[in-house]
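Residue-level listing of the chains:
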Amino acid sequence: DVKVTQSSRYLVKRTGEKVFLECVQDMDHENMFWYRQDPGLGLRLIYFSYDVKMKEKGDIPEGYSVSREKKERFSLILESASTNQTSMYLCASRPTDVGQTQYFGPGTRLLVL
Amino acid sequence: GQNIDQPTEMTATEGAIVQINCTYQTSGFNGLFWYQQHAGEAPTFLSYNVLDGLEEKGRFSSFLSRSKGYSYLLLKELQMKDSASYLCAVGSGGYQKVTFGTGTKLQVIP
C-alpha cells in the first residue's frame, strides 16, 4: 500500500512564526501536492512538484513556499504565519502515468493564533 | 481557469440510489476523478473517467460526457457508511494538475 505521512496531525502556532509542514511518500512517485481544505471552499491547490527541485504554483500560492530536495519529501513553508492560514493541510502524491489517482496523507490541522 | 460545480448537500435513504452531479469547464482536460471523504479523514479514490461513458465498480458507477463537461457518481444500495463528502476533481494540463470541486455532503438516513 502507498503510504503518505505528514509530520504532525495538529499544530498550533503564533502569528508571524515560520511554520514547516513535512510530507513523505514511500512509493517513488514523481508528483507531490499541497492542498488546504476549508469549509465551503473545498480542496485548493497551493503548490505542486513534478520532480526533485521542481515546483509549480497552484491556485493559492500567496504566503507559502515549498521545497523538494529529495524525491520522497515535499515541504510546505509558511514564511510568516497569519490567522487566515488556519486550515487543514493535505499532502498528496501520485505517479506520472495519466489516470493514476492521488494518494493523500492524513492531514495537518493548523491553528494560527 | 477551471470551474467545477457540484451540489453542496444531498440526503438519501438507506437502500436507495443517489446520483451526484458535477459540471466542469477546463482546458487541457485529461480525466475526471471522484473521491470519498469521511469527516476528519483524507479523501480516498473512487473512480476515474477519461473517455465518455459509464464505469461501474461494485455499488458505485461514474459517468462522463466530455462534450457537455458533465459527470455523475451513482451510488446504489446506499448504506449508512456512505454518509460522507464526495469530491469531483478534474485533471488538466501537461503536469496533470488536479483541481477539486467543493464537494457534495451526502447524508444517508434510515
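**Student:** Would you mind going over the environment of Arg 66 of chain B with me for this structure?
**Tutor:** Residues and elements named next belong to chain B. Relative to the helices and strands, Arg 66 resides in the loop between β7 (60-65) and β8 (70-75). When its relative accessible area of 42% is taken as the criterion, Arg 66 is described as partly exposed. Each C-alpha atom of the pair Arg 66 and Gln 25 lies 9.8 Å from the other, and the pair is 41 residues apart in sequence. For Arg 66, the residues in contact, after removing those within four places along its chain, are Tyr 24, Phe 29, Val 50, Leu 51 and Asp 52.

**Student:** I keep staring at the sheet that holds strand β3 (residues 19-25) of chain A and nothing clicks. Help me out?
**Tutor:** Adjacent strands of a sheet pair through backbone hydrogen bonds, lying either parallel or antiparallel. Residue and element names in this part refer to chain A. Taken together, the four strands give an open sheet; going across it, the order is β1-β3-β8-β7, and neighbouring strands pair in antiparallel fashion. Of all strands in the sheet, those with a lone pairing partner are β1 (4-6) and β7 (64-70), marking the two edges. Between one strand and the next, the sheet's axes are offset by a mean angle of 20 degrees, whatever the strand orientation. Bridge count between β3 and strand β8 (residues 73-78): six bridges; the pairing is antiparallel. Looking at β8, one finds that Leu 21 is bridged to Leu 76.

**Student:** Sorry if this is basic, but what is going on with the pairing of β8 of chain A here?
**Tutor:** For a regular strand, side chains alternate in direction, first toward one face of the sheet and then toward the other. All names here are of chain A. Burial analysis of β8 places five of its six residues in the buried class, which makes it a mostly covered element. Here five bridges tie β7 to β8, and the two strands are oriented antiparallel to one another. Opposite Val 66, over in β8, you have Leu 76 as the bridge partner. From the end of β7 to the start of β8, which pair antiparallel, there are two residues.

**Student:** What should I look at first to understand the confidence of the model for chain B in this one?
**Tutor:** Note that predicted coordinates carrying low pLDDT should not be read in detail. The pLDDT averaged across chain B works out to 93; a share of 95% of its residues lies at or above 70. When pLDDT is averaged over each element of chain B, β8 of chain B comes out on top at 98 and strand β10 (residues 97-100) of chain B at the bottom at 86.

**Student:** What am I meant to see in the layout of surface pockets here?
**Tutor:** In this approach, a probe sized like a water molecule rolls over the atoms, and the result shows the empty space that is left. Here the largest pocket is characterised by a volume of approximately 670 Å³. The wall of the largest pocket is formed by 28 residues, among which Gln 37, Asp 38 and Pro 39 of chain A together with Gln 37 and Ser 85 of chain B lie closest to the centre. Of all the secondary structure elements, the ones that give two or more residues to the lining of the largest pocket are β4 (31-38) and β9 (87-94) of chain A together with β9 (84-92) and β11 (104-109) of chain B. Sort the elements by how many residues they give to the lining of the largest pocket and β11 of chain B lands first, with four residues. Partitioned by chemical class, the residues of the lining of the largest pocket number nine nonpolar, 14 polar and five charged.

Conventions and cut-offs
Residues numbered from 1 in each chain as written. Chains lettered and ligands numbered in written order. Predicted model: local features only at pLDDT ≥ 70, side-chain atom pairs only at ≥ 80, totals over all residues. Heavy atoms only, no water. Helix = DSSP H or I, 4+ residues; strand = E, 2+ residues; numbered from the N terminus. Buried < 20%, exposed > 50% of the residue type's maximum accessible area, 1.4 Å probe, protein only. Contact = heavy atoms within 4.5 Å. Pairing = 2+ DSSP bridges. Axes fitted to C-alpha atoms, helices over the stretch in contact; angles between N-to-C directions. pLDDT = per-residue confidence, 0-100. 1 Å grid on protein atoms, 1.4 Å probe; cavity = no way out; pocket = protein on both sides within 12 Å on 5 of 7 lines; lining within 4 Å. Points joined across faces, edges and corners; volume = space filled by probe spheres on them. Nonpolar A, V, L, I, M, F, W, Y, C, P; charged D, E, K, R; others polar.

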